[in-house]
Amino acid sequence: MTLQPIHRFPTHNLKVGNQHQWDLPKLWAEMLTGMKMAADMGCQPISIGCDTWGVDYGLLDAAGNLLEGRNPVCYRDERTAAPFAELQAPGGGGRGPEIFRRTGTASMVFNTLYQLAAEARTEPHRLAATSRLLFMPDLLHHMLCGSMVSELSIASTSQLLAAGTWDWDRDLAASLGIPPDILPPLVNPGTVLGTLLPEVAAQTGLPQSTRIVTPAGHDTGSAVVAVPFTSEEIGCGVYISSGTWSLMGTESAVPIINEATRAGGYTNEIGHSRRYRLQKNIMGLWLVQEVRRDLESKGTIVDYPALTRQAAAAPPLRSLVNPDDATFFTPGDMLGKITRFCQTTDQPVPTTPGEFVRACLESLALAYRQTLLGLEEIVGRELGAIYVVGGGCRNELLNQMTADACGRIVLAGPAEATALGNAIAQAIAAGELSGLGAARAVSRASEESKVFTPTDAAVWRSAYSRYLKLV
């Protein structure tokens, strides 16, 4: 399968008052632009499908419009802090263990559950006026064809699905003040949702007969469809979907719900063909993105390849951070945050852009080692090679560090795994491919993986001992 990018655009969020929101009209306008460009090129698509980041949503009224015209709130908004702290209170005061047992989903401050719990506290009138909740890819599909359903993989990011049942935990929702009837019907990846609305067809020049097919709506779910595993045995290898976030995990036939999974911060999400993804969210290349943004704000303009070259030339394993420290979650002042982390942990403070970036990349590689060891403990066996997909797989320095830190062969690619997995799911729905096995054969044929072999095992074992003291 050959991919041809037609239109790329950034997905910035806006600060509206004291709230971080997504600029949905801008996203929609850019989508229409891309579709019109495709039509102008003579494209006659069989189908269109959307995937996005997880957890975020829009609230719709009975007419199918966003409530009060307000944009969906960004998961990095701070409104979830209070309900999260209360529900996760240690010492028996919170409901964290119970919620994990019910859903199999790791408790993270940005989960839909805590976003909705925040709305129930501060804006209950909005939930009372809501006819339907739609997650971001479901909302875009609604705008394309009028559908009002949710796809399973994106729904499974919410922490509102009952584990192993393919349905909502309505009692859990009600106990938190979330009206259960706003939760949409659920469909499998690959479901045909309808055809292009007449007004969208007119705006873009695409045929109204174009089908809208939901892929795995969570971008990680789509990316894992395209992981070029060489065996169809479930759980044969490990994937890292590498981008702003790093999602690291393995496939499982059933959700794995026990104390080791909960305590380690692992989650059970649903993928294509109703396979589970036992995985962990790691802060990812957000750290490097924020370092670059901070440098630009101070007048130092440097692109990512140059930053990576400078990191490669910096002294190795000098300063380490905990990538998942809450300090690093919010935007802004990343250089200052890393500086303060190193000062409080009695480590040398990075002084050059390359040293800052190297600290981020080495720490990420060590986080991958910790996650790999946790996965193996949970599944009770040694896992195979690590497949790195997504935009982050282009960072060869990080790929080599990952191989070194984990002591495993790393296979990097495809870089456009999410788009490829999305297209493959649509091809399966069209009858062009027979299923997941055929899909992964297509992925292997579409882009050759680059192999990274581990070195310096003793050095990285020593670094890992230092890292564990920081986390």
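Cut-offs applied
- Within each chain, residues carry numbers counting from 1 in the order of the written sequence.
- The model is predicted, so local features are restricted to residues of pLDDT at least 70 and side-chain atom pairs to those at 80 or more, both for listing and for counting; the totals for chains, interfaces and linings are taken over all residues.
- The side-chain figures draw on all heavy atoms in the structure; neither hydrogens nor water molecules are used.
- Pairing of aromatic rings covers Phe, Tyr and Trp, the last through its six-membered ring, and needs centres within 6.5 Å; plane angles under 30 degrees mean stacked, over 60 mean edge-to-face, and all others mean tilted.
- Secondary structure is summarised from DSSP: a helix means a run of H or I of at least four residues, a strand means a run of E of at least two, and numbering begins at the N terminus for each.
- Charges are assigned to positions over rings by a cutoff of 6 Å between ring centre and Lys NZ or Arg CZ, combined with an angular limit of 35 degrees from the ring normal.
- Whether two strands pair depends on DSSP finding at least two bridges between them.
- Contacts are assigned to residue pairs that have any heavy atoms within 4.5 Å of one another.
- To get an axis, a line is fitted to the C-alpha atoms, and for a helix only the part in contact is used. The angle between two axes follows their N-to-C directions and goes from 0 to 180 degrees.
- Each residue gets one of three labels from its accessible area relative to the maximum for its type: buried under 20%, exposed over 50%, partly exposed in between, using a 1.4 Å probe on protein chains only.
- Whether a crossover is right-handed depends on one test, that the path from the first strand over the helix to the second runs clockwise when the strands point away from the viewer.
- A helix's residues, less one, multiplied by 1.5 Å, set its expected span.

Re the packing of aromatic side chains
(1) Moving on: Evaluated as defined, the whole model comprises 13 aromatic pairs.
(2) Moving on: Relative to Tyr-387, the ring of Phe-229 lies with its centre 5.0 Å away and its plane at 80 degrees, an arrangement referred to as edge-to-face. Note that Phe-229 is positioned in the loop between helix H10 (219-225) and strand S12 (238-242) and Tyr-387 in strand S16 (residues 386-389), a separation of 158 residues in sequence.
(3) Moving on: Pairwise contacts between aromatic rings join Trp-22, Trp-53, Tyr-75, Phe-110, Trp-245 and Phe-329 into one cluster.
(4) Moving on: Looking at Arg-76, its charged tip hangs above the ring of Trp-286, at a distance of 3.6 Å from the centre.
(5) Moving on: Over the ring of Phe-329 we find Arg-76; its NZ or CZ atom is 4.9 Å from the centre of that ring.

Topic: the sheet that holds strand S3 (residues 47-48)
(1) Moving on: Spatial strand order, S3-S11-S10: 3 strands in an open sheet with mixed pairing. Looking at strand neighbours, the two that pair on one side only are S3 and strand S10 (192-195), the edges of this open sheet.
(2) Moving on: Relative to strand S11 (residues 211-213), S10 runs antiparallel, the two sharing 3 bridges. Paired with Val-192 across the two strands is Val-213, which belongs to S11.
(3) Moving on: Strand contacts of helix H6 (residues 136-145): S3, S10 and S11, with the helix running at about 30 degrees to S10, the strand carrying the most contacts.

Section: the pairing of S16
(1) Moving on: Covered by surrounding structure in S16 are Ile-386 and Val-388 together with Tyr-387 and Val-389, the residues of both alternating faces.
(2) Moving on: Pairing between S12 and S16: 4 bridges, direction parallel. Across the sheet, the residue bridging to Ile-240 is Val-388, located in S16.
(3) Moving on: Sheet topology note: the S16/strand S17 (residues 410-412) ladder contains 3 bridges and is parallel. Within the sheet, the bridge partner assigned to Tyr-387 lies in S17 and is Leu-411.
(4) Moving on: Each parallel crossover has a hand, and the one from S16 via helix H16 (residues 396-406) to S17 is right-handed.

A look at helix H12 (residues 286-297)
(1) Moving on: In this model, H12 (12 residues) spans 16 Å end to end at C-alpha, consistent with the 16 Å of a helix rising 1.5 Å per residue.
(2) Moving on: On its buried face, H12 is in contact with helix H13 (304-313), helix H14 (334-344) and helix H15 (353-379).
(3) Moving on: Following H12 by one or two positions, Gly-299 has its phi on the positive side, about 95 degrees.

None of this, on its own, says anything about what the molecule does.
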